[in-house]
Amino acid sequence: MNTHDMSHIVTEVADGVQRIEIRRPEKKNALTQAMYAGMAKALAEAERDRAVRVILIHGQPQIFTSGNDIADFLQHPEAATEDAPVFQFLRNLMYAKKPVLAAVTGAAIGIGTTLLLHCDYVIAGQGAEFAMPFVNLALCPEAGSSLLLPLLVGQKRASELLLFGDKFSAEEALSMGLINSVVADVDVGTHAMAKARTLAQKPRAALLATKSLLKAKLVPQIEKAMIEEAHEFGDRLASAESKEALTAFLEKRRPDYSRFQ
Ligand code: COA
């Protein structure tokens, strides 16, 4: 077993499975640029390491991730540019040749939900909650979600999820086909590891070929969507509305957009 702690991103390889754990519970696993860089590095290492056959991303029992760190957004609006750590992470995830599983317990907000669109198998606890509240933060979809979400759940559902940004449950996520299975919260870790080990024992070349065949046709379109989204996201992040929304979150108050209408 080989464990690394890269400031809030903890990785471990065992039984052919590379675990990538998001561990910043005091901020609900909000993702900073350093954490995206850590996850990008972990994914790159997993690709190179022959001992790794499957990748599993997870948080802690109470929280998957609350999404991008909002203070980081305010301090580093340039974080939306295409060479920023978040895009290195998303590209490594999108281009991962090995199967990527995710285990969701607690909230998966913003990129916490959109990163799941790139995973091959997602298991969630009954108490898990999902949301893509980009519009509510005066932002727009990212991570290829403007393309992948309608493909997965249909145009009407995708519009509802992205325009309203409301939370939805694990059962709803399952019924929409956004995730594969729902189990009791306490069982998520065990079930996820069992699924990961099952895949890790499959014939390597057949597993990789199957994933590649499933994904290869879509990847150029996802890449294009991600670039378009990144330009729009950057503009939104630089706007007065998003500064108000992000500041309001940190100040624990409702945003006031009346000045901007
Ligand atoms: N960025 C930065 N800090 C965050 C954060 C984020 N995305 N999410 C939570 N935090 C911080 C809170 O500010 C708080 O910090 P404090 O203790 O210094 O005041 C701490 O984490 C605990 O969060 P809190 O909201 O009090 O916990 P909760 O259990 O009531 O709710 C969530 C948890 C995840 C439901 C809630 O924090 C949330 O909705 N966050 C999502 C933020 C968001 O919109 N993300 C999408 C970005 S695109």
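Presented here is an overview of the structure given in this document. (Residues numbered from 1 in each chain as written. Predicted model: local features only at pLDDT ≥ 70, side-chain atom pairs only at ≥ 80, totals over all residues. Heavy atoms only, no water.)

## What about the packing of helix H5 (residues 145-153) against helix H6 (residues 155-164)?
Each pair of packed helices can be summarised by the angle the axes make with each other and by the distance between the axes. With their axes 7 Å apart at the nearest point, H5 and H6 run at an angle of 130 degrees to one another. As summarised for this structure, H5 and H6 are arranged oblique, according to the angle between their axes. The hand of the H5/H6 crossing is right-handed. The segment H5 lies against H6, with Ser145, Leu149, Pro150 and Val153 engaging Gln155, Arg157, Ala158, Leu161 and Leu162. When the residues that make up the contact of H5 with H6 are grouped by side-chain class, the tally is six nonpolar, two polar and one charged. (Axes fitted to C-alpha atoms, helices over the stretch in contact; angles between N-to-C directions. Helix = DSSP H or I, 4+ residues; strand = E, 2+ residues; numbered from the N terminus. Parallel < 35°, antiparallel > 145°, perpendicular 65-115°, else oblique. Left-handed = near helix turned anticlockwise from the far one by under 90°. Contact = heavy atoms within 4.5 Å. Nonpolar A, V, L, I, M, F, W, Y, C, P; charged D, E, K, R; others polar.)

## Notes on helix H8 (residues 188-200)
The terminal C-alpha atoms of H8 lie 18 Å apart, and with 13 residues this matches the ideal 18 Å at 1.5 Å per residue to within 8%. Residues of H8 that are buried: Val188, Ala192, Met193, Ala196 and Ala200. Around the axis of H8, the buried residues are gathered within 120 degrees of arc, so they sit on the same side. (Expected span 1.5 Å × (residues − 1). Buried < 20%, exposed > 50% of the residue type's maximum accessible area, 1.4 Å probe, protein only. Arc of directions from axis to C-beta.)

## Considering the pairing of strand S6 (residues 100-104)
Counting buried residues along S6, five of its five residues qualify, which places the element largely inside the surrounding structure. Going residue by residue along S6, you find Val100, Ala102 and Val104 tucked away on one face and Leu101 and Ala103 tucked away on the opposite face as well. Bridge count between strand S4 (residues 54-58) and S6: four bridges; the pairing is parallel. Across the sheet, leucine 56 pairs through a bridge with leucine 101, a residue of S6. For S6 and strand S8 (residues 121-125), the ladder comprises four bridges, and the chain directions are parallel. (Pairing = 2+ DSSP bridges.)

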